[in-house]
Amino acid sequence: MSMATSETFPEEWLRILPEPPDLTPLETVSSMRENGRVVYPPEGCLFTALRETPPSKVRAVILGQDPYHEPDQAMGLAFAVPHGTPQPPSLRNILKEYMDDLGEEMPSPDLRPWAKRGVLLLNTVLSVEAGKPMSHHRLGWQKLTDSILRACNALPRTVAFILWGKPAQEKRPLIDESRHVVVTSVHPSPLSAYRGFFGSKPFSTVNRLLQEKGAPPIDWILPRNTDFLF
């Protein structure tokens with residue numbers, strides 16, 4: 001493992017992965033950037049989700065597909081964008097469902113409070129080339145993210161896995177559903193949200209199922225944002 005890699009991949013996750021992490025995709029991304037190609041999320045942000053939510057804090061996993069591919073959006077947390085960035089459609093739909101499900105008012109679009117409370121915002125693929133969705137699907141990230149999911153499955157507490165979209169749902173066999181909670185739906189993108197994401201009530205459903213297993217509910221409430229309009 002190179003020095004750059006050892007500095008980048010969080011040590012706490014390194015200790016609990018069931019096998020040494022395959023960081024070949026990271027080397028590929030570094031080479032792409034050296035050759036002038038634009039890759040999102042920005043350098044230093046590929047493993048933000050793992051840093052924000054170490055394994056000792058994981059209580060839920062929201063699993064997406066790959067990062068946003070437009071400028072200034074991807075930040076290394078699935079579905080999240082940096083503060084002040086206009087909401088991509090998928091995030092807008094998530095927050096609409098959040099309001100409908102929990103009866104809350106318009107929240108800030110910043111999802112970092114979830115990450116700080118133990119919600120791992122993970123994509124199955126951790127990078128993307130600018131303007132080319134799913135362009136890094138064959139880079140090999142899934143071997144690493146599968147390992148991360150196995151590590152979450154092996155945690156000694158009940159974890160809720162929220163699987164949005166087909167690539168996320170394909171990971172369901174990695175989860176021991178006798179111990180953990182699984183909630184699935186179509187992806188929140190505009191292409192599919194009206195085919196089962198809206199009305200799925202993922203946040204209240206997760207909390208109900210966690211409590212049925214004797215686990216505490218997750219605090220999903222985001223700070224209100226009265227300055228932002230959909």
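Residues numbered from 1 in each chain as written. Predicted model: local features only at pLDDT ≥ 70, side-chain atom pairs only at ≥ 80, totals over all residues. Heavy atoms only, no water.

Participant: Looking at this structure, how should I read the side chain of D101?
Facilitator: Looking at the element boundaries, D101 is found in helix α5 (residues 89–102). Buried within the structure, D101 lacks any salt-bridge partner; K201 is the closest side chain of opposite charge, at an N-O distance of 4.7 Å. Within the local environment of D101, its side chain forms a polar contact with the side chain of S204, the two groups lying 2.5 Å apart. Look past the residues within four positions of D101 in its chain and what remains in contact with it is K201, P202, F203 and S204. (Helix = DSSP H or I, 4+ residues; strand = E, 2+ residues; numbered from the N terminus. Buried < 20%, exposed > 50% of the residue type's maximum accessible area, 1.4 Å probe, protein only. Lys, Arg positive; Asp, Glu negative; His and termini not counted. Salt bridge = Lys/Arg side-chain N within 4 Å of Asp/Glu carboxyl O. Polar contact = N/O pair within 3.5 Å; in protein donor to acceptor, adjacent residues only side chain to side chain. Contact = heavy atoms within 4.5 Å.)

Participant: Explain the environment of P89 to me, please; I cannot follow it from the model alone.
Facilitator: Along the chain, the position of P89 falls in helix α5. Counting along the chain gives 101 residues from P89 to P190, while the straight-line C-alpha distance between them is 6.5 Å. Those residues in contact with P89, other than ones at most four positions away along the chain, are P188 and P190.

Participant: Would you mind showing me how to read the pairing of strand β5 (residues 160–164) here?
Facilitator: Sheet faces and side chains relate simply in a regular strand, where the side chains alternate between the two faces. A large share of β5 lies buried, amounting to five of its five residues. On β5, burial covers both faces: A160, I162 and W164 on one face and F161 and L163 on the other are all buried. Looking at chain direction, β5 and strand β6 (residues 181–185) are connected through five bridges and run parallel. Bridge pairing in β6 links A160 to V181. (Pairing = 2+ DSSP bridges.)

Participant: Just checking my understanding: could you explain the pairing of strand β2 (residues 60–64) for this structure?
Facilitator: In terms of burial, β2 is a largely internal element, five of the five residues being buried. Burial along β2 is two-sided: the residues A60, I62 and G64 and V61 and L63 are all buried. Taken together, the five bridges between β2 and strand β3 (residues 119–123) define a ladder with parallel strand orientation. Bridge pairing in β3 places I62 opposite L121. Judged from the four bridges that link them, β2 and β5 form a sheet pairing that is parallel. Across the sheet, the residue bridging to I62 is I162, located in β5.

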